[in-house]
Amino acid sequence: MSFENGGVPEVEADVVVVGAGAAGLMAALTASDAGARVVVVEKTDKLGGTAAVSGGVVWIPNNHHMPRVDISDSREEALAYVRRLADGRSEDGPLGAFIDTAPAMLRFLEARTSLRLQPLGVYPDYHPEFAGGRTGGRSLDPGLFDINRLNEWKNTLRRGPLHGSAALTVAEAAEWGAFTRPRELPVKLLTERARQGLVCYGAALAGGLLEALVQRGVELLPGVAGRELVADARRVVGLRAERAGRSVRLGARRGVILASGGFEWNKSLAARFLSGPLTHPLSPPANEGDGLMMAMALGADLGNMSEAWWCPALAIPGESYEGQPLSRADFSARCLPHSILVNRAGRRFANEAQNYNDLVKAFFTFDPVNYERPNLPAWLIVDQNFRDRYALGNLLPGAATPPWLAKADSLEELARRIEISPEGLVDTVRRFNPPALQGVDPCFHRGGSAYERFHGDRAHQPSPNLGPIERPPFHALQVFVGALGTKGGVRVDANARVLRVDGTPIDGLYAAGNVMASVMGAGYPGAGSTLGAAMTFGFIAARHAVGAQAHQGGAA
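Residues numbered from 1 in each chain as written. Predicted model: local features only at pLDDT ≥ 70, side-chain atom pairs only at ≥ 80, totals over all residues. Heavy atoms only, no water.

### Brief notes about the sheet that holds strand β5 (residues 118-119)
Strands in a sheet are paired, the pairing made by backbone hydrogen bonds, and the direction either parallel or antiparallel.
Line of reasoning, step 1. Spatially, three strands are ordered β4-β6-β5 in an open sheet, and the strand pairing comes out antiparallel. At either margin of the open sheet sits one strand with a lone partner, and together these are β4 (58-59) and β5.
Line of reasoning, step 2. Relative to strand β6 (residues 139-141), β4 is paired through two bridges, and the arrangement is antiparallel. Opposite Trp 59, over in β6, you have Ser 139 as the bridge partner. (Pairing = 2+ DSSP bridges. Helix = DSSP H or I, 4+ residues; strand = E, 2+ residues; numbered from the N terminus.)

### Looking at the side chain of Thr 180
Line of reasoning, step 1. Assignment of secondary structure puts Thr 180 in the loop between α5 (170-176) and α6 (187-196).
Line of reasoning, step 2. Ignoring any residue separated from it by four or fewer positions in sequence, one finds Thr 180 in contact with Leu 336, Arg 389, Tyr 390, Gly 456 and Asp 457. (Contact = heavy atoms within 4.5 Å.)

### Observations regarding the side chain of Ser 74
Line of reasoning, step 1. With respect to the helices and strands, the residue Ser 74 is situated in the loop between β4 and α3 (75-86).
Line of reasoning, step 2. A polar atom in the side chain of Ser 74 sits 3.1 Å from the backbone nitrogen of Glu 77.
Line of reasoning, step 3. If we skip the residues at most four places from it in the chain, Ser 74 touches Asn 62 and Arg 134. (Polar contact = N/O pair within 3.5 Å; in protein donor to acceptor, adjacent residues only side chain to side chain.)

### A closer look at the environment of Gln 118
Line of reasoning, step 1. Along the chain, Gln 118 turns up in strand β5.
Line of reasoning, step 2. According to the relative accessible area criterion, Gln 118 is partly exposed, its value standing at 34%.
Line of reasoning, step 3. As a C-alpha pair, Gln 118 and Gly 137 span 19 residues in sequence and 8.9 Å in three-dimensional space.
Line of reasoning, step 4. Setting aside its immediate chain neighbours within four residues, Gln 118 contacts Arg 68, Ser 139, Leu 140 and Asp 141.
Line of reasoning, step 5. Only 3.2 Å separates the side chain of Gln 118 from the backbone oxygen of Arg 116, close enough to count as a polar contact. (Buried < 20%, exposed > 50% of the residue type's maximum accessible area, 1.4 Å probe, protein only.)

### Details of the environment of Ser 449
Line of reasoning, step 1. The residue Ser 449 is located in the loop between α13 (422-437) and α14 (450-454) in this model.
Line of reasoning, step 2. With residues near it in sequence (within four places) discarded, Ser 449 still touches Pro 128 and Glu 129.
Line of reasoning, step 3. Side chain to side chain, Ser 449 and Glu 129 meet in a polar contact 3.5 Å long.

### Observations regarding the packing of aromatic side chains
Line of reasoning, step 1. For the coordinates displayed, the defined rule picks out 15 aromatic pairs.
Line of reasoning, step 2. Residues Trp 59 and Phe 98 carry aromatic rings whose centres are separated by 6.4 Å and whose planes lie at 15° to one another, so their mutual orientation is stacked. Placement of the pair is Trp 59 in strand β4 and Phe 98 in helix α4 (residues 92-112), with a sequence separation of 39 residues.
Line of reasoning, step 3. Residue Trp 59 is classed as buried on the basis of its relative accessible area, which comes to 0%.
Line of reasoning, step 4. Their ring planes at 70° and their centres at 4.7 Å tell us that Trp 309 and Tyr 524 sit as a pair that is edge-to-face. (Phe/Tyr/Trp six-rings, centres within 6.5 Å; stacked < 30°, edge-to-face > 60°.)

### Here's the deal with the nonpolar core
A general trend in soluble globular proteins is that nonpolar side chains are found buried together.
Line of reasoning, step 1. Counting residues in each nonpolar core, the largest one holds 153 residues, and the members touching the most others are Leu 250, Leu 258 and Phe 363.
Line of reasoning, step 2. Among the elements that take part in this core, helix α15 (residues 529-545) stands out by supplying 10 residues, more than any other.
Line of reasoning, step 3. Counting 19 residues, the second-largest nonpolar core is a separate cluster that includes Val 342, Ile 381, Leu 466 and Ile 469. (Core = buried A, V, L, I, M, F, W, Y, C linked by side-chain atoms within 4.5 Å.)

### Let's talk about the packing of helix α1 (residues 22-33) against α4
Line of reasoning, step 1. Between α1 and α4, the least distance of the axes is 11 Å, while the angle of their chain directions is 75°. The orientation of α1 relative to α4 falls into the category roughly perpendicular. When α1 is examined against α4, the residues Met 26, Leu 29, Thr 30 and Asp 33 are found in contact with a partner set consisting of Met 105, Phe 108, Leu 109 and Arg 112.
Line of reasoning, step 2. Its residues assigned to classes, the contact of α1 with α4 shows five nonpolar, one polar and two charged. (Axes fitted to C-alpha atoms, helices over the stretch in contact; angles between N-to-C directions. Parallel < 35°, antiparallel > 145°, perpendicular 65-115°, else oblique. Nonpolar A, V, L, I, M, F, W, Y, C, P; charged D, E, K, R; others polar.)

This is how it looks when you write it as structure tokens:
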């Protein structure tokens, strides 16, 4: 790094990548593999981005591992499935590029890194009952990663606040019943793995990518925040960034790739664009829409801005992450027997066990007469049978009830404590219990999907998702609107080039990940859809920037 022009540091590169999550790391690896000089700038002092705190699963339709679990796939079926879930909010060019290129990206990833993703044969798509859906095989597990392989970079790898010290694969979590049988987990084995430096989930995926970049000598600049794109009359030629309050200029001969995450922590942008009130983001707090606003300043067009990767959230008082209150994604509790989700009227309003993205949309139901959202606030109601068997937030079965968990010996008393309708709650439970005892939900068909049954207690009969709420004391925990990230952003073409409002590309500017308008539109096809698309468009962007064929649909 040289100091010129009045002491302003300058860096010259072929490709500048903004953001060190899965999209950015994949873009950097791809461009470096083609011989380009790559510089990666990351706003925080940790590398891995939102990916590193995620489950790390990557959704790749028609991938080459699927035959290992005896599941077939095709371009046509995958495209039809995603197009239906997108609900008209995705464009055929970028969507087709994802479907065609994702399998090649996966082959490239495994050829150029130590990562060997494993197909999850029993992890269903989020709507496996739809045409083109699958009951497994498209979601891939990154396994475990030894952070000691990163040498002096190991402490820069971002760790999740909830499972950052855990060391079990996604497949093991499902097999061992991490949510349904938490007391049976092999604690000694997991402790030993953690002592050895093994990490799992998103940290494992980010770690494998980071290792490959370190080995290649790619310049990684944590603590450097992108502030402004630099453009001449024809194209984007660089980035003005900031490090510890000091300006840094980065030249980009071949292009700038924005991979800076979503805008879920930017309260102003979230209030202006999202379809409902997002109160509990589930990602690192640095996701404030920096890349989005830089692109907007150059006239970038936007798409899908009302959508996010929605997820119900729980909040435990006193928990925090990087100076912000910590929110916990609820992937399981609401899917298990002896639980229901109710609104202020004490009424159920949705199939609690459906995929988290679609469930949250029911929270936003709007009553135009009273001008309110009747399903906010929402409460998870469980009985003592639930508490004796399953985890709830950070509580293991049998743990003493803390002050933040409402508790009462009757449903009426519980309702009064949380200020919802006692009559409504009592009537709801009265109607719910008899069919639930038989494993049936006539109102919302909970447990009718393979996805829902997968997230239930498969040892519970007659339904893994349903059981009566009958044994006192009863408990209630508020469920908030959360998001794993936003999915609206700049529009791109099939080569990941950022588009202007008139549809022409901004030369030298690319986007991937949550800064880009998601090809998934309003939907969430399956576990790892966020990461699968992010990494694929990082791959596409880098290949185009360095002059390689953008996507060929075959082996890399």
